[in-house]
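# Inside the fold
Each chain, written out:
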Amino acid sequence: MAQVSLNNIRKVYPNGYEAVEPISFNIADGEFVVLVGPSGCGKSTLLRMVAGLEDISEGALSIGDRNVNHVDPADRDIAMVFQNYALYPHMTVRKNIGYGLKNRKTPTADIEAKVQAAAKMLNLTEFLDRKPSQLSGGQRQRVAMGRAVVRDPALFLFDEPLSNLDAKLRHQMRIEIKALQRRLGVTSIYVTHDQVEAMTMADRIIVLNAGRIEQIGTPAEIYHRPASTFVASFMGAPPMNLINAQGRDGRVMVGEIAVTNNPVNGPVTMGIRPEDINIGADCEIPFTVDIVEELGAHRLLHGKLDGQDFTIHVAKDRVVSAGPIHMTINPAAVVLFDAETGLAL
Ligand code: ADP
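Conventions and cut-offs
Residues numbered from 1 in each chain as written. Predicted model: local features only at pLDDT ≥ 70, side-chain atom pairs only at ≥ 80, totals over all residues. Heavy atoms only, no water. Near = heavy atom within 4 Å. Polar contact = N/O pair within 3.5 Å; in protein donor to acceptor, adjacent residues only side chain to side chain. Areas by Shrake-Rupley, 256 points an atom, 1.4 Å probe, with all protein chains shown as cover. Pairing = 2+ DSSP bridges. Helix = DSSP H or I, 4+ residues; strand = E, 2+ residues; numbered from the N terminus. Axes fitted to C-alpha atoms, helices over the stretch in contact; angles between N-to-C directions. 1 Å grid on protein atoms, 1.4 Å probe; cavity = no way out; pocket = protein on both sides within 12 Å on 5 of 7 lines; lining within 4 Å. Points joined across faces, edges and corners; volume = space filled by probe spheres on them. Nonpolar A, V, L, I, M, F, W, Y, C, P; charged D, E, K, R; others polar.

Moving on, we get to the site of the ligand. Surrounding the ligand, one finds Tyr-13, Asn-15, Tyr-17, Ala-19, Pro-38, Ser-39, Gly-40, Cys-41, Gly-42, Lys-43, Ser-44 and Thr-45. Here an oxygen atom of the ligand and a backbone polar atom of Cys-41 are 3.1 Å apart. Within the side chain of Ser-44, an N or O atom sits 2.6 Å from an oxygen atom of the ligand. Protein contacts shield 62% of the accessible area of the ligand, which totals 560 Å² for the unbound molecule.

Right under this line is the structure:
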């Protein structure tokens, strides 16, 4: 187990492309950190630099108390779990899980004990003599986890491990991986483009955009207090409503509607989550519902506010059809952003 520290880590590929601008953050011992961002934002590059699979152009990386910039991947005391599982097709589950240990000349009896323990933890005991081709996607993912677990590493690195699974299995594996990490207490860095995985698994989320950190925070901080319009629209499904507004006379106005009190002057972007809006006959803001999206547990009402796309989340017991309604925006939940830079005010 270990803390991890990245100090001004930068990556410039040989073709001159700067995939990661100088980035710094620390990960506490036992913490589960998720790097999330759209395709191409540099999250795999960052993870691969931590793993030692990619050179670090500038900056210092330490795992535990040791600077590992020039330490071989095999000597960094890490275990990596990939999207494609990287299992050996000709080997049984037992051999796949124990392979890394055998390579390290671990005594056979110890390997068998560790493989058995990992298999038990991952519900793989009855599949130990099967080949990967005889397993489901979820079971293969568990074998890949097992191989990481038996190494007893200081750090787990996950590179989009669930992308190949269907939605139901992803949900199940999310819970399994998180529970396993909790149980083992191994410091973990997990890369995904899926904001649901980030929200549900992370102790802390790092949102990346174009090789830069947009925000570091707990899932609740990222969700409720996004640092930028980028984070506000990337995290959450549906995303936060972002509406062009005007600060005037101590109030924030959307058209002629005052949504909150704030001394800001001039153009701002008003952010409000779809569930922070109430509807009812006694509400003061008129709104026309164009489309009702039925989602079982709740409904999404889509329409326009001051000519701009706007979505309201209502509980399943609020039966609404397309047409005029009234709503209120919870002023305490409003987040204001600079209209030009997109940064939270
Ligand atoms: P992500 O994992 O967030 O999708 P990557 O870290 O894979 O993003 O890539 C970040 C950026 O670096 C992308 O624009 C990608 O095209 C570029 N990139 C990745 N590998 C190389 C390479 N070997 N040479 C040049 N550019 C690369």
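With that out of the way, let us pick up the sheet that holds strand 11 (residues 241-248). Taken together, the 5 strands give an open sheet; going across it, the order is 13-12-11-14-20, and neighbouring strands pair in antiparallel fashion. The sheet is open, and its two borders are formed by strand 13 (257-261) and strand 20 (335-338), each paired with just one other strand. Strand-to-strand twist of the sheet, defined as the mean angle between neighbouring strand axes without regard to direction, takes the value 40°. The pairing of strand 14 (residues 266-272) with strand 20 spans 4 bridges and is antiparallel. Bridge pairing in strand 20 places Met-270 opposite Leu-336.

Right, let's talk about the layout of surface pockets for a bit. Estimates place the volume of the largest pocket at around 490 Å³. Lining the largest pocket are 17 residues, with Ile-78, Ala-79, Met-80, Phe-82 and Arg-151 sitting closest to its centre. Listed by contribution, the elements that provide at least two residues to the lining of the largest pocket are strand 6 (78-82), helix 2 (93-103) and helix 4 (137-150). Here the lining of the largest pocket gets 4 residues from one element, more than from any other, and that element is strand 6. Here the lining of the largest pocket is built from residues that sort into 12 nonpolar, 2 polar and 3 charged. Considered as a void within the structure, the second largest pocket measures approximately 250 Å³ in volume. In terms of lining residues, the second largest pocket is bounded by Met-91, Arg-94, Lys-95, Gly-98, Tyr-99, Lys-102, Thr-106, Thr-108, Ile-111, Glu-112 and Val-115. Elements supplying a minimum of two residues to the lining of the second largest pocket: helix 2 and helix 3 (108-121). Class assignment for the residues of the lining of the second largest pocket results in 4 nonpolar, 3 polar and 4 charged.

By themselves, these are just geometric observations and shouldn't be taken as functional.
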